[in-house]
Amino acid sequence: VPESVKMSGPLDKVKILVLGDSGVGKSCLVHLVCKGDVLRHGGWTVGCTVEVLPFEYKKKGPSRSVFVELWDVGGSAAHQSARSIFYHSFHGLILVHDLTNRKSHSNLSRWLGEVLSESKETTGSSFSQRGTKQSVVADYDPEQFAGESFPILVVGTKQDLISSVREGRRGSGVDEAGADAVNVNCMDRSQFSSGSPQEIILNSFFEKVIEKRYYARGETLQVCLV
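Quick caveat, the model's predicted, so the values are computed rather than measured. (Residues numbered from 1 in each chain as written. Predicted model: local features only at pLDDT ≥ 70, side-chain atom pairs only at ≥ 80, totals over all residues. Heavy atoms only, no water.)

J.: Let's hear about the side chain of Asp21: which residues, and what values?
T.: Along the chain, Asp21 turns up in the loop between strand E1 (12–19) and helix H2 (26–35). One buried charged residue, Asp21, remains without a salt bridge, the closest side chain of opposite sign being Lys26 at 7.2 Å. Look past the residues within four positions of Asp21 in its chain and what remains in contact with it is Lys26, Gly75, Val96, Lys103, Ser104, Asn107 and Trp111. (Helix = DSSP H or I, 4+ residues; strand = E, 2+ residues; numbered from the N terminus. Buried < 20%, exposed > 50% of the residue type's maximum accessible area, 1.4 Å probe, protein only. Lys, Arg positive; Asp, Glu negative; His and termini not counted. Salt bridge = Lys/Arg side-chain N within 4 Å of Asp/Glu carboxyl O. Contact = heavy atoms within 4.5 Å.)

Now the structure itself:
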């Protein structure tokens, strides 16, 4: 834990949703990022689990500690109707797919459409046709959600199980949302070690999330206690 966390009072925080199909390795990814170790006996996530990572923001102004909350939401289709309770007031999105499963990548646009449609409904927007919620969530539509803007990171897991992969797996609708992308091996504890390409990309994403929430106006960090 950064020394400033121990010495300071209440911390600022950001909420990041971690979404993707069941079995793609979301929990293993979150555990590796937050604990710096491999999760060898993970199970299926029912509902949602939350891990917190103290992050030292140094890009603008003096260094500041921020709690990064990673909300690992279960990906089972059977729980689709109940997931919306976790989608409120988020600041960034990590979309996870399995590099050995092309379908899990193409489904990312549906995950993005699901979370955005729920966000629209909670803010009073009339996304659903005829005023009713649709049982089948549409894929992400750049025009329909033109007013939405938040950082997105696409993570491809199980890199150790493939010999090569087309960079970024282009072709999913999330590409049009301006998402960054990185591929990882969650069975390698050094993936997010200091200075690694994966750590640089992840830290850049965290910085974007923090800036989106606290640096929306001007260069001075806006303190928001929630």
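Picking up after the structure, the text goes on.
J.: Before we move on, could you go through the pairing of strand E3 (residues 64–73) and cite the residues and values that matter?
T.: Counted residue by residue, E3 has eight buried out of 10 residues, so it is predominantly covered. By the bridge criterion, seven bridges tie E1 to E3 in an arrangement that is parallel. Considered in E3, the bridge of Asp12 is made with Val66. Bridging between strand E2 (residues 48–57) and E3 involves 10 bridges; their strand directions are antiparallel. The residue bridging Pro54 from the neighbouring strand is Phe67, located in E3. (Pairing = 2+ DSSP bridges.)

J.: Could you give an account of the environment of Lys208, with specific residues and numbers?
T.: Relative to the assigned elements, Lys208 resides in helix H5 (residues 197–214). When the C-alpha atoms of Lys208 and Phe150 are compared, they prove to be 8.5 Å apart, with 58 residues separating the residues in sequence. If sequence neighbours within four positions are ignored, Lys208 has contacts with Pro151 and Asp180.

J.: Just give me the short version of the confidence of the model for the chain, but keep the residues and values in it.
T.: Confidence in the prediction for the chain averages 79 pLDDT; 71% of positions are at 70 or higher. Note on residues 123–136: pLDDT is under 50 here. Beyond four places in sequence and across chains, it has 15 contacts. When the criterion is pLDDT under 50, residues 218–226 qualifies, and its contacts beyond four places in sequence or with other chains add up to 18 contacts. (pLDDT = per-residue confidence, 0-100.)

J.: I'd like a description of the side chain of Lys15, backed by residues and values.
T.: Inspection of the secondary structure assignment puts Lys15 in strand E1. Despite its burial, Lys15 pairs with no opposite charge, the nearest such side chain being Glu69 at 6.7 Å. A polar contact is formed between the side chain of Lys15 and the backbone oxygen of Phe86, at a distance of 2.9 Å. Apart from the residues within four sequence positions on either side, Lys15 is in contact with Glu69, Trp71, Phe86, Tyr87, His88, Ser89, Phe90, His91 and Gly92. (Polar contact = N/O pair within 3.5 Å; in protein donor to acceptor, adjacent residues only side chain to side chain.)

J.: Pulling in residues and values, what's your account of the nonpolar core?
T.: By size, the foremost hydrophobic cluster in this structure holds 30 residues, and its most contacted members are Ile16, Leu29, Val33, Val68, Leu70, Ile94 and Phe206. Broken down by element, this core gets its largest block of residues, six residues, from H5. Once residues lying within four places of it in the same chain are set aside, the contact partners of Leu70 are Ile16, Val18, Val30, Val33, Cys34, Thr49, Val50, Glu51, Ile94 and Phe206. Within the second largest apolar cluster, 18 residues are counted, among which are Trp71, Val73, Trp111 and Ala179. (Core = buried A, V, L, I, M, F, W, Y, C linked by side-chain atoms within 4.5 Å.)

J.: For unusual backbone geometry, give the residues involved together with the corresponding values.
T.: Unusually for a residue other than glycine, Ser89 sits at a positive phi of about 55°. By secondary structure assignment, the location of Ser89 is in the loop between E3 and strand E4 (92–98).

J.: Tell me about H5, and name the residues and values.
T.: Here H5 contains 18 residues, and its C-alpha end-to-end distance of 26 Å stays within 8% of the 26 Å for a straight helix at 1.5 Å per residue. Residues of H5 that are buried include every one of Gln198, Glu199, Leu202, Phe205, Phe206, Glu207, Val209, Ile210, Glu211, Arg213 and Tyr214, and no others. (Expected span 1.5 Å × (residues − 1).)

J.: So what's going on with the environment of Phe206? Residues and values would help.
T.: Within the secondary structure layout, Phe206 lies in helix H5. Taking the C-alpha atoms as reference, Phe206 lies 9.9 Å from Glu56; in sequence the two are 150 residues apart. Setting aside chain neighbours within four positions, we find Phe206 in contact with Ile16, Val33, Leu53, Phe55, Val68 and Leu70.

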